[in-house]
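Here is how the chains run, residue by residue.
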Amino acid sequence: MTKYDYDLFVIGAGSGGVRASRIAASHGAKVAVAEEYRVGGTCVIRGCVPKKLFVYASQFSEEFEDAEGFGWTVGETRFSWAKLIANKDKEIDRLNGIYIRNLERSGVAIIQSRAILKDAHTVHLVGEGRDVTADKILIATGATPFLPHDVKGIEHAITSNEAFHLEELPDHIIVVGGGYIAVEFTGIFNGLGVKTALLYRADRILRGFDEDLRVGLMDEMRKKGVDLRTHAHITEIERKGGKLHVTLKDGTVIETGAVHYATGRKPNSRGLGLEEIGVSIRKNDAIEVDAYSQTSVPNIYAVGDVTDRAALTPIAIREGQAFAETVFNNNPIAVDHSVIPTAVFSQPELGTVGLTEHEAREKFGEIDIYKTSFRPMKHTMTGREEKTFMKLVVDQKSERVLGVHLMGPSSGEIIQAVGIAVTMGATKKQFDQTVAVHPSAAEELVTLKEKWAPPVQKAAD
Ligand SMILES: Cc1cc2nc3c(=O)[nH]c(=O)nc-3n(C[C@H](O)[C@H](O)[C@H](O)COP(=O)(O)OP(=O)(O)OC[C@H]3O[C@@H](n4cnc5c(N)ncnc54)[C@H](O)[C@@H]3O)c2cc1C
């Protein structure tokens, strides 16, 4: 018998915390998880899931237009934001219920409260005013949207947290940021008929992605009517009547209905009592962990966004699972973060896995690039000037495909399957040996023949 109340106490019932709790319990551990908001965490409650539902909603406007080219006459269409929100909330409630039931079925005690640490084995439950003890503690508290403090009137801005519950859709919105959340919400608002401006401080959106995708997506977003401005810095947001007046550094003033900041997320590590007991935290608030998610205090572990290794749900889940296997099943697993297939649910969608052209050149020197840009078959009938783009980055020496970068419909779905090949170290020859699926866009991936002759790409800011 352990001398503690629990073998494992998990703080945060999001993607990482829930997986870790259930796996640890399945190996016989006595587990409790504390959640201060809603079980399911960011992804389910106010992240991936509601975001994707909004993306679906926003795509209908183009679908209605495109239908005409195929002989359809679409009557008058109307959109109800209130109905979308209500239906989305219903679905989120359903998922929240499933997460709760799964934890309960696994024998995990759910404690609805904020939890902070008193010492390395004592957790204080703020909502209940009591303490519990545990042998091992897992911090899975995720991250929070970050608002810059140097913008006057920043209190008028919203983040993705509020965007999921806006009472009304504004006529005009400014989205600030260049990361995937900014880009996705820009597509959502624009597709729902809101006049949308995307303001970003540097040259190109989506830093860290392949340059062709960055440039290609900016072009396509502009074609769809997004007012995309780079080198744009907001200095002040003022409320005037029912509107917001947004002043930029160059003196431009934009009148808008809402300002949505998506300028990054900060790990939730402060105010938990971690520094006081010696857990090392980096400058960016990420908890420092080793390959097994162990912090500088040996019985305390951390997984997911709070460690800022790769802020994605499947990674948080893997880290949670690996932690539970390592600590409660004597089966040490270190998560490999080197190849991560991922999608951006922008419009058009992006899918990417492995190294960008720039990274591959730096790491491998001699590389071959294969790329193609074409009008997808569907748009030969709709007249829409949208391009699909595909690119393979190949190591010249080993012929291994180091990276695949896609822009176009279903890129997220395609990249999941291509991710298997890239993870397995497939070569260009093996891609070529694969029989094409016809007619599809993805067949280009196995039929690309001509090497792209450089100009060599430099990564922009
Ligand atoms: C708008 C948006 C869209 C996204 N889209 C995608 C996507 O398409 N694909 C993808 O892979 N990822 C996406 N993400 C990222 C994904 O949501 C996160 O990577 C993932 O949720 C991280 O899981 P986690 O377990 O680390 O933390 P979270 O899921 O954030 O869970 C942390 C939980 O801890 C709770 N908590 C915090 N502090 C305490 C405390 N002291 N006591 C008790 N409870 C506490 C929080 O309330 C929260 O429920 C998106 C994120 C956002 C914001």
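All of the points below concern the structure found in this document. Here the structure is a predicted model, which is why all the values come from computation and not from measurement.

1. What about the site of the ligand?
Around the ligand sit 37 residues in total, of which Gly16, Glu35, Thr42, Lys51 and Asp305 are the nearest. A distance of 3.2 Å is found between an oxygen atom of the ligand and a backbone nitrogen or oxygen belonging to serine 15. A distance of 2.6 Å separates an oxygen atom of the ligand from a polar side-chain atom of glutamate 35. If the ligand stood free it would expose 1,000 Å²; the protein chains cover 95% of that surface. For the shell around the ligand, the elements supplying multiple residues, two or more each, are helix H1 (15–26), strand E2 (31–35), helix H2 (41–46), helix H3 (48–67), helix H6 (180–191) and helix H8 (313–328). Taken together, the residues of the shell around the ligand break down into 16 nonpolar, 13 polar and 8 charged.

2. Things to note about the nonpolar core
Ranked by size, the top nonpolar core spans 39 residues in total, and within it Phe54, Phe189, Leu198, Ile205, Leu217 and Met221 carry the most contacts. Of all the elements, H6 adds the most residues to this core, at 5 residues. Here phenylalanine 189 is in contact with Ala163, Leu166, Leu169, Ile173, Val175, Val194, Thr196 and His260, once residues within four sequence places are set aside. Counting residues in hydrophobic clusters, the runner-up holds 23 residues, among them Leu117, Val123, Val132 and Ala134.

3. Some points on the packing of H3 against helix H4 (residues 81–105)
Orientation of H3 relative to H4, taken along the N-to-C sense of each, is 145°, at an axis distance of 10 Å. The element H3 and its partner H4 pack so that their crossing is right-handed. Across the interface between the two elements, Val49, Pro50, Leu53, Phe54 and Ala57 from H3 touch Trp81, Leu84, Ile85, Lys88, Glu91, Ile92 and Leu95 from H4. Of the residues in the contact of H3 with H4, the class split is 10 nonpolar, no polar and 2 charged.

4. Some remarks on a positive patch on the surface
A cluster of like positive charges, contributed by Arg19, Arg22, Arg101 and Arg105, occupies part of the molecular surface. Contributions of two or more residues to the positive patch are made by H1 and H4. Tracing the chain through its elements places arginine 101 in helix H4.

5. What about the pairing of strand E8 (residues 172–176)?
Taken across its 5 residues, E8 has 5 buried, putting it largely inside the fold. Here E8 shows a buried face lined by His172, Ile174 and Val176 and a second buried face lined by Ile173 and Val175. With 5 bridges connecting them, E8 and strand E9 (residues 195–199) associate as parallel partners. Bridge assignment links valine 175 to a residue of E9, and that residue is leucine 198. Both E8 and strand E14 (residues 258–261) contribute to a ladder of 4 bridges, which runs parallel. Following the sheet pairing, valine 176 is matched in E14 by tyrosine 261.

6. As for the packing of H1 against H8
At their nearest, the axes of H1 and H8 sit 7 Å apart, and the two run at 30° to each other. It follows that H1 is roughly parallel to H8 by the angle criterion. The handedness of the crossing between H1 and H8 is right-handed. Seen from H1, the contacting residues are Ser15, Gly16, Arg19, Ala20, Ile23 and Ala24; seen from H8, they are Thr313, Ala316, Ile317, Gly320, Gln321, Phe323, Ala324, Glu325 and Phe328. When the residues that make up the contact of H1 with H8 are grouped by side-chain class, the tally is 8 nonpolar, 5 polar and 2 charged.

7. Focus: the sheet that holds strand E21 (residues 401–407)
Reading across from one edge, E17-E18-E21-E20-E19 is the order of the 5 strands in this open sheet, with antiparallel pairing throughout. Each of the sheet's edge strands pairs with one partner strand only, and the pair in question is strand E17 (342–344) and strand E19 (367–374). Between one strand axis and the next, the sheet turns by 10° as a mean value, whatever way the strands run. By the bridge criterion, 5 bridges tie strand E18 (residues 350–354) to E21 in an arrangement that is antiparallel. By the bridge assignment, leucine 350 is partnered in E21 with methionine 407. Across the sheet, helix H9 (residues 357–364) lies against E18, E19, strand E20 (388–395) and E21, angled at about 170° from E19, the strand it touches most.

8. Focus: the sheet that holds strand E12 (residues 243–248)
Two pairing modes exist for strands in a sheet, parallel and antiparallel, and in both the strands are linked by backbone hydrogen bonds. If you trace the 3 strands from one edge of the open sheet to the other, you get E11-E12-E13, paired in antiparallel fashion. The open sheet is flanked by strand E11 (234–240) and strand E13 (253–256), the only strands paired with a single partner. If you compare each strand with its neighbour and ignore which way they point, the axes differ by 20° on average.

9. Examining the packing of aromatic side chains
Under the defined criterion, the tally for this structure stands at 8 aromatic pairs. Between tyrosine 6 and phenylalanine 9, the ring centres sit 6.1 Å apart and the planes meet at 65°, which makes this aromatic pair edge-to-face. Consider the rings of phenylalanine 323 and phenylalanine 328, whose centres lie 6.0 Å apart with planes at 80°: the pair is edge-to-face. The residues phenylalanine 323 and phenylalanine 328 share a single accessibility class, namely buried. Put simply, the rings of Phe54, Trp81, Phe164, Phe185 and Phe189 touch in pairs and so form one group of aromatic residues.

Parameters and conventions
- Residues numbered from 1 in each chain as written.
- Predicted model: local features only at pLDDT ≥ 70, side-chain atom pairs only at ≥ 80, totals over all residues.
- Heavy atoms only, no water.
- Near = heavy atom within 4 Å.
- Polar contact = N/O pair within 3.5 Å; in protein donor to acceptor, adjacent residues only side chain to side chain.
- Areas by Shrake-Rupley, 256 points an atom, 1.4 Å probe, with all protein chains shown as cover.
- Helix = DSSP H or I, 4+ residues; strand = E, 2+ residues; numbered from the N terminus.
- Nonpolar A, V, L, I, M, F, W, Y, C, P; charged D, E, K, R; others polar.
- Core = buried A, V, L, I, M, F, W, Y, C linked by side-chain atoms within 4.5 Å.
- Buried < 20%, exposed > 50% of the residue type's maximum accessible area, 1.4 Å probe, protein only.
- Contact = heavy atoms within 4.5 Å.
- Axes fitted to C-alpha atoms, helices over the stretch in contact; angles between N-to-C directions.
- Left-handed = near helix turned anticlockwise from the far one by under 90°.
- Patch = residues over 30% accessible without salt bridge, like charges linked within 9 Å, V, L, I, M, F, W, Y side chains within 5 Å.
- Salt bridge = Lys/Arg side-chain N within 4 Å of Asp/Glu carboxyl O.
- Lys, Arg positive; Asp, Glu negative; His and termini not counted.
- Charge placed at Lys NZ, Arg CZ, Asp CG, Glu CD.
- Pairing = 2+ DSSP bridges.
- Parallel < 35°, antiparallel > 145°, perpendicular 65-115°, else oblique.
- Phe/Tyr/Trp six-rings, centres within 6.5 Å; stacked < 30°, edge-to-face > 60°.

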